[in-house]
Amino acid sequence: MKAYGYDKNDEEYEKIIELSQVTLSCNKFDIDKIINFLVEVKKEMENKKVEDGDHWHYRDYNDSWNESESDLIIFADESQKD
């Protein structure tokens, strides 16, 4: 697994940054929502042919998400099989 991100001030998402660590600042409710998101992504990955570049946005699975929050994106990298 690799982690990437963008600077919060990079509104055009022009410069991707490879991260050595990721810190999520959240509460129990947030963790539950993230777990549910990950479970849904896992189900979708098991039930369809996943190709490199397929991706899922946390914001699409969370009705309470807003622009002030960070989005969590799961990006399929099929070159890293089991």
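Structure: above.
Keep in mind the model is a prediction, meaning the values are calculated, not measured. (Residues numbered from 1 in each chain as written. Predicted model: local features only at pLDDT ≥ 70, side-chain atom pairs only at ≥ 80, totals over all residues. Heavy atoms only, no water.)

K.L.:
Looking at this structure, I do not really get the overall build of the chain. What am I missing?
P.N.:
A count of helical and extended segments in the chain gives one helix and four strands. Listed N to C, the secondary structure of the chain is β-β-α-β-β in terms of helices and strands. If one aligns the C-alpha atoms of the chain with their principal axes, the spans along those axes are about 35 × 30 × 20 Å. Accessible surface computed for the chain: about 7,200 Å², of which carbon and sulfur atoms make up 49%. Each charge sign in the chain was given a centre, from 11 positive and 22 negative side chains, and these centres are 5 Å apart. (Helix = DSSP H or I, 4+ residues; strand = E, 2+ residues; numbered from the N terminus. Areas by Shrake-Rupley, 256 points an atom, 1.4 Å probe, with all protein chains shown as cover. Lys, Arg positive; Asp, Glu negative; His and termini not counted. Charge placed at Lys NZ, Arg CZ, Asp CG, Glu CD.)

K.L.:
How do you make sense of the packing of aromatic side chains when you look at a structure like this?
P.N.:
Aromatic ring pairs: the centre-centre distance and the angle between the two ring planes describe each pair. Within this structure, the stated rule accounts for two aromatic pairs. Here Phe 37 and Tyr 58 contribute two aromatic rings whose centre-to-centre distance is 5.5 Å and whose plane-to-plane angle is 75°, an arrangement assigned as edge-to-face. A residue pair is termed long-range when its members are at least 10 positions apart, and Phe 37 in helix α1 (residues 28-47) and Tyr 58 in the loop between β3 (55-57) and β4 (73-75) qualify at 21 residues. Residue classification places Tyr 58 among the buried residues on the basis of a relative accessible area of 9%. (Phe/Tyr/Trp six-rings, centres within 6.5 Å; stacked < 30°, edge-to-face > 60°. Buried < 20%, exposed > 50% of the residue type's maximum accessible area, 1.4 Å probe, protein only.)

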